[in-house]
Amino acid sequence: MDTESGAFNVDFARKLIRFHFWENQRVWDLAIAPLTEDQFLREVKFLRGSVQSECQGLINTESVYLQRIIGASPVTGASLEGITDRAVIAARWLSLRQAWSTFADELDGETFFSRCEFESGGRRHTMAAWQLIFHVLYQGTMRRSQILRLVAELNQPAAFDLSLLQHLTGLLRE
């Protein structure tokens, strides 16, 4: 597919990137923010173990993959290693939202279909930028649902649904 015939894909990718970070913010505001510090940090026998760890995992994925797409050397979430302060984590998440928003605004067909080369696990990889973008979106969907599962274990189930269709149809607003 060439960049001109892929314009729809680029536009839809922009919408999905915006949805991803919109939904991240909803999960933060409606599910994570109401937790006590103990609940935020408490290890639960499910997946990564804590809401804080899931947040770190999502932030790391968002950061590393954006750096790979733009051709920079990824700086992993190691700077968040051991950080338990929700304000620091929230600020990092917000800065990533802003960086991805800028990226989405500037995303064009050439970038969307470009090849990204990176090293991971001691091996050299080449993937299309669109593949990396959609990996971030997939990871976000998975991690948000895991966060909600953890919140339900710690507190109570969140009183909202994750819904791309509601977002795209405008039934829900920021």
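Before reading further, recall that the structure is shown in the block above.
The model shown is predicted, which means the values in this text are computed figures rather than measured ones. (Residues numbered from 1 in each chain as written. Predicted model: local features only at pLDDT ≥ 70, side-chain atom pairs only at ≥ 80, totals over all residues. Heavy atoms only, no water.)

**Examining the environment of glutamine 139**
Next, step 1: Position of glutamine 139 relative to the elements: it lies in helix 6 (residues 129-154).
Next, step 2: Remark: the alpha-carbon pair of glutamine 139 and histidine 20, spanning 119 residues in sequence, is separated by 9.9 Å.
Next, step 3: Ignoring anything within four residues of it in the chain, the contact list for glutamine 139 reads Leu58 and Thr61. (Helix = DSSP H or I, 4+ residues; strand = E, 2+ residues; numbered from the N terminus. Contact = heavy atoms within 4.5 Å.)

**Here's the deal with the pattern of salt bridges**
Next, step 1: By the definition in use, this model includes nine salt bridges.
Next, step 2: Here arginine 143 makes a salt bridge to glutamate 54, at a shortest N to O gap of 3.1 Å. You can see arginine 143 sitting in helix 6 and its partner glutamate 54 sitting in helix 3 (residues 51-70), a full 89 residues away along the chain.
Next, step 3: According to the relative accessible area criterion, glutamate 54 is buried, its value standing at 1%.
Next, step 4: Salt bridges sharing partners connect three or more residues here, namely Asp11, Arg14 and Lys15. (Salt bridge = Lys/Arg side-chain N within 4 Å of Asp/Glu carboxyl O. Buried < 20%, exposed > 50% of the residue type's maximum accessible area, 1.4 Å probe, protein only.)

**Structural notes on the environment of leucine 96**
Next, step 1: As for its placement among the helices and strands, leucine 96 is situated in helix 4 (residues 86-106).
Next, step 2: Sequence separation between leucine 96 and isoleucine 59 is 37 residues; the distance between their C-alpha atoms is 7.7 Å.
Next, step 3: Setting aside chain neighbours within four positions, we find leucine 96 in contact with Phe21, Ile59, Glu62 and Ser63.

**Brief notes about the packing of aromatic side chains**
Next, step 1: A complete count under the given rule lists eight aromatic pairs for this structure.
Next, step 2: Ring geometry for phenylalanine 112 and phenylalanine 134: centres 6.4 Å apart, planes at 75 degrees, overall edge-to-face. With phenylalanine 112 in helix 5 (residues 109-112) and phenylalanine 134 in helix 6, this residue pair connects regions lying 22 residues apart in the sequence.
Next, step 3: Positioned over the ring face of phenylalanine 40 is arginine 86, at 5.0 Å from the centre of the ring. (Phe/Tyr/Trp six-rings, centres within 6.5 Å; stacked < 30°, edge-to-face > 60°. Lys NZ or Arg CZ within 6 Å of the ring centre and 35° of its normal.)

**Let's talk about the nonpolar core**
Next, step 1: In terms of nonpolar packing, the biggest core is built from 40 residues, with Ile17, Ile32, Val51, Cys55, Trp100, Phe103 and Ile133 touching the most fellow members.
Next, step 2: Sorting the residues of this core by element identifies helix 1 (7-32), helix 3, helix 4, strand 1 (115-120) and helix 6 as the ones contributing at least two each.
Next, step 3: The leading source of residues in this core is helix 6, at 10 residues.
Next, step 4: The residues touching isoleucine 133, leaving out its near neighbours within four places in the chain, are Ile17, Ile69, Trp100, Phe103, Leu107 and Phe112. (Core = buried A, V, L, I, M, F, W, Y, C linked by side-chain atoms within 4.5 Å.)

**A closer look at the pairing of strand 2 (residues 123-128)**
In summary, the side chains of a regular strand alternate between the two faces of the sheet.
Next, step 1: Pairing analysis gives six bridges linking strand 1 to strand 2, with the strands arranged antiparallel. Residue pairing across strands places serine 120 opposite arginine 123, the latter belonging to strand 2.
Next, step 2: The loop that links strand 1 with its antiparallel partner strand 2 comprises two residues; one of these, glycine 121, has a positive phi angle of about 60 degrees. (Pairing = 2+ DSSP bridges.)

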